[in-house]
Every structure is written in C-alpha cells, then in structure tokens.
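Here is what each chain is made of, one letter per residue.
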Amino acid sequence: MTPVPTCIHAAPWVVPVCSPIIAEGGVAVGDGRIVAVDVLPRLQQLYPQAEVRMYPGSILTPALVNGHTHLELSHLAALTATAMTDRFTDWISRLLQLREILGADGEPAWQAARLVADRQYQSGVSALCDIGNTSMGGRLADLFPGYLLACKEYLGLAAWTLEKNLTRLGLEPPQVRCCGHAPYSTHPRLLQRLKERARALEHVFSIHTAEPAAEADMIREGRGELVDFIRQRGFWDNSFVSGQSDGSIHYLYDLGLLDEQTLCVHAIHVTEEEMRIMAGEGSKVCLCSGSNRFLGVGTAPVARYLDHGILPALGTDSLASNPELSLWREMSILAEDHPEIEAAEIFAMATLGGAEALGLGRVLGTLEAGKAADLLIVPSPPSPVDPKGIMTHLVTAGPAMSPDRIAFRG
Ligand SMILES: [Zn+2]
C-alpha cells in the first residue's frame, strides 16, 4: 500500500536521476519511502496535509553508491602518500610487504577501516561493496547505517591451492558473500565454483577484471609482467591454460561467469566485442578512476560502455591505491579524464549505476516513488545556474563537497 506523505522536502533544484532535473521541486515522503517527486505546487495540491520543509540554496539528490572498496586496507594509506613510480606488480609487492609489517586485521587496521566507513556515510554514500580477506567487512556491515555488502575474497592460482580453497568455500555459511579476486590470481575452477555459489544465493559476484593490460597478455599468450610476478612468488605451476580466450571478458564469459549479478571492477582493457558480450549478458561494470590514475593502468572506455547501454557504477577502491576515498572526487576525476561524457551521466553512475550493480536498484539510486527516502541536501552554486550548470556543479565539486542528508531508514 502506498504510504500517505507526511512531509514534502522542497528545494530550488531536485535531481531525480531517472528523469529531468526539476526547478522548484519537491519530494513527498511517507513512512520512510518516496511517494512522489514533482514541482512543489503540484505536490502541495496533491498532499495538502503534508508538512513542507524548505531547503533554500540547495539541491536534493539521491544518496551515492560506492561500487568497490577494500575498507580493511585503509591502514595502508602510506602506499599512496607519494606518487607511484613503479609497475603494477611492484605496487602489489609493496602492498603485501606493508600488510605483513602492519598486520591484516589488528586494532590499527580496524580503527582505520571504521573511520573510512564513517566518512563514506558522512559524504553521502548509502551503500558500498566492500571486498576483504578478513572478517572485518562483516563487523563493519553491522555498524554501517546504510547497506555495506561485505564480500569475502578468494584467490589462489596454482592447482595445488585449489582443493583447500574449495573445501574452505564449502564451509562458508550462506549469509557470507564470496567473490573471486581476479582472473590472473584465481584458479578458473575456483572462480566457477564461487560464481555457482553466488548465483544460487543471489549474491553479487565482484571480480577485478582487466585492470592491468598484462592480464590480457597472460590470458592470450601465457606471458608478460603478471606471469613473471606469479612465477617469482612461486605460484606459477604451468597449470594455467593460455590461448583459449581473447581477453579478460572473453575469459570470464568462456568460464560461464558473466550474468546480471557479475560486477566487473575496473574493466579498462576491454575490446568492442567484449563490451557487446557484457551488454548481452547484462553484466555490470564498476569504474575506479582515482585508483586507475594513481596506479597508471589506463582509463576505461567509458563512452563506449554508454554506447552499449551499460551504465557503470563508480568505486573508490582502497586507500592503498587511491590517495582519497570520495565518490565526489571519483566523479570529478572521471569528468577530467572524459570531457566527452555528460555530467548527468556521470552523476547517474555514482547513484543509479551503483545501486543496480549492487542489486539495490529497487531501493536506492534515483528519486522515484517506492524507493527509500534517502536524500542528500547539497549546497547549490552561489550564482544563478541552469539545470546543466547544476549537474556540472555536482560532478566537478570534488571531495570538498559536504552534503547534509535526510535520515536514512532502510
Ligand atoms: Zn579493488
């Protein structure tokens, strides 16, 4: 039953995301749900009993969704304190070394992760997909006021690691979401089992995909930077069969891993044909522009994704590969890297794209009837602007953006 609105939140600008921006608009809310979004006079006519709350000089928007992060790596921020000068695999080595020194899940790691999770919520993020190797994600999910999808990450490429990982996975309780790290680091049979499990439990299946260009070299030819790195670490046992698939997405597709609940994170080095496959399977993409910039791994073909009807999510990744975790900053970096993309599309990625990628499209992502009354109150620019100027303001403000919010009741 549709709730009776008790309140109309009104502002000079309302950004529903799913429909054009509304000047002098309002959002009618009842029982924690959105009932209607329209111009204020029409809402007042429809719901004369509802209290009107005005937010002068503000823009009302949906809350943001962070499609990819690793909160448990927050205490490794020293890795991004100075500019990156080495190769992707050197960065992995430094990350593993520092984690060995500082510990993976001690008190400093927990405190740093909690702080970042709090800041995410304060910055307007209501849902995030958190990937981890420890139990920290589950504990953080209990404290996060919105939706924190904690995913336990599995990895292990060598054949001798497979049995142990499959046994471990078989013992996971159904409420624990499990995912694979990446094609280059995780045995194909383990990936298949992880995906089968996620499919049966209707969990999002997140996987780093096509992040370094060297992943495709490994899949196509069985050589390159990643193969050298894995060999040095003693995990290359020649069991990986190369030359069967033409790129990372092809590889996932050939393994039967792509469907509407698969979230390909980074997805930078992807061919036109692979984008067609992803669109056909309904697979999701999460772009991590800030992390990609820091690691120097390239920029994703964003315009081509949109042309294929794929609205990506945006993710911050972790403080180990991104000096600052802010979805507002991710939007501004994407706008800088891709001036050809409309601001409205970038904002849709940070809201609707993320909500759909995390399976939360019925609750979050847009301002429309039936969704959670989870609104951000964003300061609008001081000078007169038009709808296009409002959208540009939202995606270029950067990490200084500090919205208030209308309380979340999930
Ligand atoms: Zn990641």
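Residues numbered from 1 in each chain as written. Predicted model: local features only at pLDDT ≥ 70, side-chain atom pairs only at ≥ 80, totals over all residues. Heavy atoms only, no water.

Chemist: Which parts of the structure should I look at to understand the packing of aromatic side chains?
Modeler: Working definition: an aromatic ring pair is given by the centre-to-centre distance plus the angle between the planes. Under the counting rule described, the total for this entry stands at seven aromatic pairs. Ring plane angle 45° and centroid distance 6.1 Å describe the contact between Trp236 and Phe240, whose orientation is recorded as tilted. Both residues of the pair, Trp236 and Phe240, count as buried. Considering the side-chain rings of Phe240 and Tyr251, the 5.8 Å spacing of their centres and the 40° angle between planes classify their relative orientation as tilted. Taken together, the residues span a long stretch of sequence, with Phe240 in the loop between helix 8 (225-232) and helix 9 (248-254) and Tyr251 in helix 9 at a distance of 11 residues. (Phe/Tyr/Trp six-rings, centres within 6.5 Å; stacked < 30°, edge-to-face > 60°. Buried < 20%, exposed > 50% of the residue type's maximum accessible area, 1.4 Å probe, protein only. Helix = DSSP H or I, 4+ residues; strand = E, 2+ residues; numbered from the N terminus.)

Chemist: In this structure, what is going on with the domain arrangement of the protein? I would like to understand it.
Modeler: How big an interface is tends to be expressed through the accessible area that disappears when the partners come together. When its domains are assigned, the protein resolves into domain 1 (7-62 + 365-406) and domain 2 (64-357). For domain 1 versus domain 2, the separation of C-alpha centres amounts to 32 Å. Of all residues in domain 1, Val395, Pro399 and Arg405 give up the largest surface area on contact with domain 2, accounting jointly for 36% of the area buried on that side. Viewed at the interface, domain 2 and domain 1 are joined by five residue pairs in polar contact (both at pLDDT 80 or more). Listing elements by their share of the side of domain 1 that touches domain 2, those giving two or more residues are strand 5 (58-62), strand 14 (375-379) and helix 15 (387-396). The greatest single-element share of the side of domain 1 that touches domain 2, amounting to six residues, is contributed by helix 15. (Domains from an automatic or database assignment. Buried area = accessible area lost by both parts, 1.4 Å probe. Polar contact = N/O pair within 3.5 Å; in protein donor to acceptor, adjacent residues only side chain to side chain.)

Chemist: How should I be thinking about the coordination of the zinc ion in this particular structure?
Modeler: The reference angle at a metal is 109.5 degrees if four donors form a tetrahedron and 90 or 180 degrees if six donors form an octahedron. Surrounding the zinc ion are the protein donor atoms His68 (NE2), His70 (NE2), His208 (NE2) and Asp317 (OD), which sit 2.0 to 2.7 Å from the metal. Taken together, the four donor atoms coordinating the zinc ion and their angles of 84 to 166° define a geometry best described as irregular. The sequence pattern formed by the donor residues of the zinc ion is H-x1-H-x137-H-x108-D. Taken together, the residues His208 in strand 10 (residues 205-209) and Asp317 in the loop between strand 13 (313-314) and helix 13 (327-337) connect sequence positions 109 residues apart. No difference in accessibility class separates His208 from Asp317, as the two residues are buried. (Donors = N, O, S within 2.8 Å, 3.2 Å for Na, K, Ca; no water. Tetrahedral: all angles 85-135°; square planar, octahedral: opposite > 155°, others 65-115°.)

Chemist: Got a minute to help me understand the sheet that holds strand 8 (residues 147-154) in this structure?
Modeler: Backbone-to-backbone hydrogen bonds join strands into a sheet, with any given pair of strands oriented parallel or antiparallel. With respect to topology, four strands assemble into an open sheet ordered 6-7-8-9, the strand pairing being parallel. With one partner strand each, in any of the chains shown, strand 6 (64-69) and strand 9 (177-180) form the two edges of the open sheet. Strand after strand, the sheet turns through a mean of 25° between neighbouring axes, direction not considered. Bridge count between strand 8 and strand 9: four bridges; the pairing is parallel. Within strand 9, the position partnered with Lys152 by the bridge is Cys178. Contacts from helix 13 reach strand 6 and strand 7 (125-132) within the one sheet, and its direction differs from that of strand 6 by about 85°. (Pairing = 2+ DSSP bridges. Axes fitted to C-alpha atoms, helices over the stretch in contact; angles between N-to-C directions. Contact = heavy atoms within 4.5 Å.)

Chemist: How should I be thinking about helix 15 in this particular structure?
Modeler: For an α-helix, the turn length of 3.6 residues means that residues three or four places apart are oriented alike. Within helix 15 the residues assigned to the buried category are Ile390, Met391, Leu394 and Val395. On an axial view of helix 15, the arc spanned by its buried residues comes to 125°, and they lie on one face. Buried-residue contacts for helix 15 involve strand 1 (7-14), strand 5, helix 13, helix 14 (343-357) and strand 14. Phi turns positive, to about 80°, at Gly398, one or two residues after helix 15. (Arc of directions from axis to C-beta.)

Chemist: What exactly am I supposed to notice about the pattern of salt bridges here?
Modeler: Pairs may arise between side chains of opposite charge once their charged atoms sit close together. Overall, the coordinates contain 18 salt bridges when judged by the stated rule. Of the charged contacts in the structure, one is a salt bridge between Arg87 and Asp90, with a shortest N-O distance of 3.6 Å. Given the relative accessible area of 29%, Asp90 is considered partly exposed. Between Arg276 and Glu273 there is a salt bridge whose closest N-O contact spans 3.4 Å. Residue Arg276 and its partner Glu273 are located together in helix 10 (residues 272-281), separated by three residues, close to a single helical turn. (Salt bridge = Lys/Arg side-chain N within 4 Å of Asp/Glu carboxyl O.)

Chemist: So what exactly am I meant to see when it comes to the sheet that holds strand 12 (residues 284-287) here?
Modeler: With parallel pairing, the four strands of this open sheet are ordered in space as 10-11-12-13. The open sheet is flanked by strand 10 and strand 13, the only strands paired with a single partner. Here strand 11 (residues 262-266) pairs with strand 12 via three bridges, running parallel. The partner of Leu263 across the bridge, within strand 12, is Lys284.

Chemist: Where do I start with the packing of helix 7 (residues 214-221) against helix 8 in this structure?
Modeler: Any two packed helices are characterised by the angle at which their axes cross and by the distance between the axes. Packing of helix 7 against helix 8 leaves a shortest axis separation of 7 Å and a crossing angle of 85°. If you check the angle between helix 7 and helix 8, you find them roughly perpendicular. Seen from helix 7, the contacting residues are Ala214, Glu215 and Met218; seen from helix 8, they are Glu225, Leu226, Val227 and Ile230. Residue composition of the contact of helix 7 with helix 8, grouped by class: five nonpolar, no polar and two charged. (Parallel < 35°, antiparallel > 145°, perpendicular 65-115°, else oblique. Nonpolar A, V, L, I, M, F, W, Y, C, P; charged D, E, K, R; others polar.)

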